[in-house]
Amino acid sequence: MTANPAPPPVCPQCGQNDMVRRVSNLVQDEPGSPLAQKLAAPRSPRPAAVLGCATSFFATMVSISAAILATGLTELTSMAPRTGLLFGVRDTSVFTGIITFLFVFVGVHAMFVWRQARASRFFRRAFTAWHQASERWQQLHYCHRCDGVFLPGQSSLTPVDQVQMLLYARRPSQPAASPANAPTSAEGG
Ligand SMILES: [Zn+2]
């Protein structure tokens, strides 16, 4: 429990703070209400799946299939006499199969590692955006009279429906910022 002696910030639209509440308190007090659902805290992104046994198993299966195919093809197309037989096929075919296995195995793994790196890059970006949105959400206030939200010091009120836009905006309109730079906001109405 934190007693907050500071009065809530003034609503930029009606210029009063008697109907202003911190959104985090509002959501906590009435979690089921439609308003609380609209103003719910930003949800954290899910992390990318980790490379696991399934990947290695998949890579092994693909590699073995490719190796068998390569061995068979080499055996069929090879003109060399069937002298050095290994497992019933020419040793050159076996050699081709082993090389194919190694290349495909490494290749499939490389592909998965690349996909993983890309996914975690996306996740990092999403996580950063979410973190910023969460911090902004903690500062978010709601005016019951005007049915809109705002960040302390902001010069305009944002409709409840556009709260996500406000939370995830690259840069929220700053108190001193010129209105030309501000993102779309309701201008009375
Ligand atoms: Zn107001």
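None of these values were measured; they are calculated from a predicted model.

The rules behind these values
- Here the residue numbers are simple positions, counted from 1 along each chain's written sequence.
- Only residues with pLDDT of at least 70 are given local features in this predicted model, and only at 80 or more are side-chain atom pairs given and counted; all residues enter the totals for whole chains, interfaces and linings.
- Excluded from the side-chain calculation are hydrogens and water; included are all heavy atoms of the structure.
- Think of the donor list as every N, O and S atom within 2.8 Å of the metal, or within 3.2 Å for Na, K and Ca; water never makes the list, so a site can look incomplete.
- In this scheme the shape depends on donor count and angles: four donors with every angle between 85 and 135 degrees give tetrahedral, four or six donors with opposite pairs above 155 degrees and others between 65 and 115 give square planar or octahedral in turn, and any other case is irregular.
- Helix and strand assignments follow DSSP, with helices taken as H or I runs no shorter than four residues and strands as E runs no shorter than two, numbered in order from the N terminus.
- Three exposure classes are used, based on accessible area relative to the maximum for each residue type with a 1.4 Å probe and protein chains only: buried under 20%, partly exposed in between, and exposed over 50%.
- UniProt positions are given in the numbering used here, feature names are shortened, and annotations may be inferred rather than shown by experiment.
- Here, any two strands with at least 2 DSSP bridges between them count as paired.
- Buried Ala, Val, Leu, Ile, Met, Phe, Trp, Tyr and Cys residues form a nonpolar core when they are joined through side-chain atoms within 4.5 Å.
- Pairs of residues are marked as contacts when any of their non-hydrogen atoms sit within 4.5 Å.

## Overview of the coordination of the zinc ion
Thought 1: Taken together, Cys11 (SG), Cys14 (SG), Cys143 (SG) and Cys146 (SG) make up the protein donors of the zinc ion, found 2.2 to 2.3 Å from the metal.
Thought 2: Its four donor atoms give the zinc ion angles of 102 to 116 degrees at the centre, a pattern that matches the tetrahedral case.
Thought 3: Each donor residue of the zinc ion lies on one chain, and together they are spaced C-x2-C-x128-C-x2-C. Of this pair, cysteine 14 sits in the segment before β1 (20-22) while cysteine 143 sits in strand β4 (residues 141-143), placing them 129 residues apart in sequence.
Thought 4: For cysteine 14, a relative accessible area of 23% gives the class partly exposed.

## Thoughts on the environment of leucine 151
Thought 1: Positionally, leucine 151 belongs in the loop between β5 (148-150) and β6 (158-159).
Thought 2: Judged by its relative accessible area of 9%, leucine 151 is buried.
Thought 3: When the C-alpha atoms of leucine 151 and glutamine 139 are compared, they prove to be 6.0 Å apart, with twelve residues separating the residues in sequence.

## What about the UniProt feature "transmembrane region" (unreviewed entry) in the protein chain?
Thought 1: This chain's UniProt record puts "transmembrane region" (unreviewed entry) on residues 48-73 and 93-114.
Thought 2: With 100% helix and 0% strand, residues 93-114 has its two end C-alpha atoms placed 31 Å apart.

## Digging into the sheet that holds β5
Thought 1: Strand order in this open sheet of four strands is β1-β4-β5-β6, and the pairing throughout is antiparallel. Only two strands of the sheet have a single partner each, and these edge strands are β1 and β6.
Thought 2: As paired strands, β5 and β6 are joined by two bridges and run antiparallel to one another. Paired with valine 149 across the strands is threonine 158, a residue of β6.

## Some words on the nonpolar core
Within soluble globular proteins, side chains that are nonpolar tend to cluster in buried spots.
Thought 1: Core analysis: the largest hydrophobic core is formed by 16 residues, its most contacted members being Val23, Leu39, Leu140, Tyr142 and Val149.
Thought 2: Put simply, the parts of the chain that give this core at least two residues each are α1 (23-29), α2 (34-38), α4 (91-139) and α5 (163-168).
Thought 3: When near neighbours in sequence (up to four residues on either side) are disregarded, valine 149 contacts Val23, Leu39, Leu140, His141, Tyr142, Leu157, Thr158, Pro159, Val163 and Leu166.
Thought 4: Membership of the second largest hydrophobic core comes to six residues, among which are Cys143, Cys146, Phe150 and Leu157.

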